[in-house]
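# Observations on chain architecture
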Amino acid sequence: MISNFGNLLLFASIVLSLSIIYLSNKNLKLNGNQITKHIFQLSLIQSTTVIICFFTLIAAFIVSDFSLITVYQNSHSMKPIFYKITGTWGNHEGSLMLWVIILSIFSFLFLIYNKNHPKKFRLLTLIIQNILIIGFLFFILLNSNPFSPLSPIPKEGLGLNPILQDPALAIHPPLLYIGFVGSSIYFSAAIASLISNYSEKNFASSIKNWILISWSFQTLGILVGSIWAYYELGWGGFWFWDPVENASLLPWFAMTALFHSIIVFEKRNLFYFWVIILCLMTFILSVTGTFLVRSGILNSVHTFASDPTRGIYILSFLSLMIFGSVFLLFKKYKTENYNLNQNSKETFVLVNNWFMMFYLVTVLLGTIYPIFTDALSQNKISVGPPFYNAIIFPVVVIFLIFMSIGPNASWIKNKFDNIKLYFSILLGAILINLMIILFFKNFSILSNFIIISALFLILSSIKDFVVSKKKNNLDLGRIISHGSFGFLVLFIGLNYIFSIEKDYNMKIGEIKKFDNYSIEFKNLELKDFTNYQAVVGEFEIFNGKDRNILKPEIRIYSNPKTLTYEASIKTSFIKDHYLTMSNIDRSDYYNIKFQEKPLMIWIWLSVIMVVIGGLLRFFKNAKNS
Amino acid sequence: MQKIVKTIILLIFLFILSVFFIGLNRDTNYNTANQINKEIPDFKVSYLNKENFFTKNDLRKNNFTLINFWASWCAPCRVEHPLLIRLSEEKNMKIVGVNFKDKKEQAKNFLDELGNPYDVSTKDTNGKQSVLFGIYGIPESILINKELIVIKKFVGPLSENDLNYIKEIIK
């Protein structure tokens, strides 16, 4: 029953999309700048249908309707209600529904919020967006249907992978999807702009807020994923350069480049084609990421069951998008003459874009290189953190310096004030860095350069705040984002240098000592919970002043039967103590991994502040328009 | 000049996409396409209910054998199960079930619930023997003749068409 209802709604959505395309096309030929009411209505009905369809699937998960294969494979009747709901998008089929929801809601909102723009541009955007929606709906219906029935109906489901049963992972996919699926709207708008020759600066105002909003959510999504990895995967790290993490980072670089260059486009009517290329690139990279993750072509911690036919479908879709947009771009491309002054703001924004492209290409190469060697030479290799760390971090130093001084350059003019002031700021940064070295007695050239440049950015941002407040032209969003990015790099740098990691095999009653720390294994308990059993260890960490009790767990989930290791983390403003424990077969020893990670909470907070900066800019734009 | 640049850009995209395509279809270690018309490998799996071993030689006495890889945790296996039950009525073919990476208790419950189509039930608890057959996902079935030559391999659940095909071959 539920299967038929779901399929009916999916089918109805396709029909609605086709009708929107048909009506928009008809409306295009009419004179006047008016869009008929029917298109608005249809667009609203379509979003509603897709949402109802998604809620139907959620309902099936809540009542544990195992007549649907997706529910059977990803849920269990004993699972807490919260995870029944979040399980809806914790799998390939359900998450594609989320894709389509965001595609259609963004499509509707774009239509109603851009009334000041030419009709042709709006309708073409709507048409392209609906072509994307149809593409994904067909993919869902033919290949990844969450409403596929299962018969005979099993009595019990297989359950959701326990490491996905986590509040952070409940919100991680929706946040990330608003980010990279949201970028579809400026992909569509860019194509519409090319076709309708709508290349004036007003085009920028139609998409800039969408870029900001998708960028903010993308950043938050990546942050939540990192936080989850930090406390759930038990390695004590928060970024692993895993192909799937990289896949989320690629569109992020393109978005970041985009919302900087669009400022120039809006102010100076420059870089039109570059902005278009970035718009196209962002969504194409999002789909590429989806292809890499879902086709199973790469191995990664994100173990969505893979299926080659999925890969073929997404790859065909991707090829169509790439060749379609490249051909269109070639047809419309006109050489633009840039007469930029060396020290103007335009140049600095362009520099930002070069850096973003450099990072993008580096991460893209590292991510797809293994596929190339495997496909072309049958060599299986993997590209790990050393590659990225070696290439990316040294460049960050220069990047941060540009990030500090760029915003203060003026438009058009080739004039740069306050060189002396910047020297004194640099001096200040070096002094603070020296204090850090003396205080902690730890030194490495690269990390000190990174810390100096991060401090330089922070101090410059503070200076900007004070100066612009006096002049009453405060750009708070930018200052917060840039400054917080400086803090982020600073905290990551300090965290990297001052982390401590120790490995021991211990049994109850033992005490291990190192430096001025002692770790005592005090107790072991067995506890029963609704959907798992836990072996809970009790450890006392003493560092000469404070005593902390840490209780890492080994959990035995019943459905599906899985063992997970839960880290115990004591967070304070200065540092985290991080302890994981795993059992050793046939012995009463446990393997203990203790880590001290300084300033973790500040890393998360810096990212949130970066996002707040972006959102401030978004609200400011929204108010002005 | 511009033309050359455009062509190069297109070629780069074409190259990347083709590599993706090849990557999707590349031969992995586990591919069994090349096993068709070849003799099956030597293998040794234990029975589901006892600790004796079942090997290649035990298959020689059957005219045709269908080796079916399944598990209680595999949803498509449920889908194909009624077809296997129907196939088990065929006199000219024996069905050997290989229970793949499963718990004995759950496997038994599965067969009690849905019926047992297997003439011989065996288990491959760690999945290593199945690798010899190139199994990388289940369900998969391999049809072999008396000479132990692989006639056909079915990836994924058996369909009505596969059923007719098998019946046609073993007639």
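What you see is a predicted model, and the numbers here were worked out from it, not measured in a lab. (Residues numbered from 1 in each chain as written. Chains lettered and ligands numbered in written order. Predicted model: local features only at pLDDT ≥ 70, side-chain atom pairs only at ≥ 80, totals over all residues. Heavy atoms only, no water.)

Residues and elements named next belong to chain A. Together, Ile462, Phe465, Val466, Leu474, Leu476, Leu605, Ile608, Met609, Ile612 and Leu616 make up an exposed nonpolar region whose accessible area comes to about 720 Å². Secondary structure elements with two or more residues in the nonpolar patch: α16 (445–471) and α18 (600–624). The leading source of residues in the nonpolar patch is α18, at five residues. Tracing the backbone through its elements, the reader meets Leu605 in helix α18. (Patch = residues over 30% accessible without salt bridge, like charges linked within 9 Å, V, L, I, M, F, W, Y side chains within 5 Å. Areas by Shrake-Rupley, 256 points an atom, 1.4 Å probe, with all protein chains shown as cover. Salt bridge = Lys/Arg side-chain N within 4 Å of Asp/Glu carboxyl O. Helix = DSSP H or I, 4+ residues; strand = E, 2+ residues; numbered from the N terminus.)

Sheet strands associate in pairs through backbone hydrogen bonding, adopting either a parallel or an antiparallel arrangement. Residues and elements named next belong to chain B. The mixed open sheet is built from seven strands, whose spatial order is β2-β1-β5-β4-β3-β6-β7. Strands at the two margins of the open sheet, each flanked by one partner only, are β2 (53–55) and β7 (150–155). Across the sheet, the mean angle separating the axes of adjacent strands is 30 degrees when strand polarity is ignored. Bridge analysis of strand β4 (residues 93–100) against strand β5 (residues 120–124) gives five bridges, and the strand direction is parallel. Directly across from Asn99, in β5, lies its bridge partner Lys123. The strands touched by helix α5 (residues 160–170) within the sheet are β3 (64–70), β4, β6 (140–145) and β7, with β7 carrying the most contacts at an inclination of about 170 degrees. (Pairing = 2+ DSSP bridges. Axes fitted to C-alpha atoms, helices over the stretch in contact; angles between N-to-C directions. Contact = heavy atoms within 4.5 Å.)

Within the largest apolar cluster, 158 residues are counted, with the highest numbers of intra-cluster contacts made by A:Trp99 and A:Phe203. Broken down by element, this core gets its largest block of residues, 14 residues, from helix α11 (residues 272–294) of chain A. Not counting residues up to four positions away in its chain, the partners in contact with A:Phe203 are A:Phe121, A:Ala189, A:Ala190, A:Ser193, A:Tyr198, A:Phe265, A:Tyr272, A:Val275 and A:Ile276. Grouped together as the second largest cluster of nonpolar side chains are 42 residues, B:Leu59, B:Ala107, B:Ile144 and B:Ile170 included. (Core = buried A, V, L, I, M, F, W, Y, C linked by side-chain atoms within 4.5 Å. Buried < 20%, exposed > 50% of the residue type's maximum accessible area, 1.4 Å probe, protein only.)

So, on to the domain arrangement of chain A. Size of an interface, as often reported, equals the accessible area lost when the parts are brought together. Residues and elements named next belong to chain A. Domain assignment breaks chain A into domain 1 (1–165), domain 2 (175–383), domain 3 (394–498) and domain 4 (500–601). Computed over C-alpha atoms, the centres of domain 1 and domain 2 are 23 Å apart. Contacts between domain 1 and domain 2 engage 32 residues on the former and 39 residues on the latter. In total, domain 1 and domain 2 occlude about 3,000 Å² of area from one another, counting both sides; carbon and sulfur atoms represent 76% of this. On the domain 1 side of the interface with domain 2, the three residues burying the most area are Trp99, Phe106 and Phe121, jointly 23% of the side's total. Scanning the region where domain 1 abuts domain 2 turns up one salt bridge. The partner of Arg310 in a salt bridge is Glu93, and the shortest N-O contact between them spans 3.7 Å. The interface formed by domain 1 and domain 2 holds seven residue pairs in polar contact (both at pLDDT 80 or more) in total. Among the elements of the structure, α5 (92–113) and α6 (119–142) are those that each provide at least two residues to the side of domain 1 that touches domain 2. In terms of residue count, the dominant contributor to the side of domain 1 that touches domain 2 is α5 (twelve residues). (Domains from an automatic or database assignment. Buried area = accessible area lost by both parts, 1.4 Å probe. Polar contact = N/O pair within 3.5 Å; in protein donor to acceptor, adjacent residues only side chain to side chain.)

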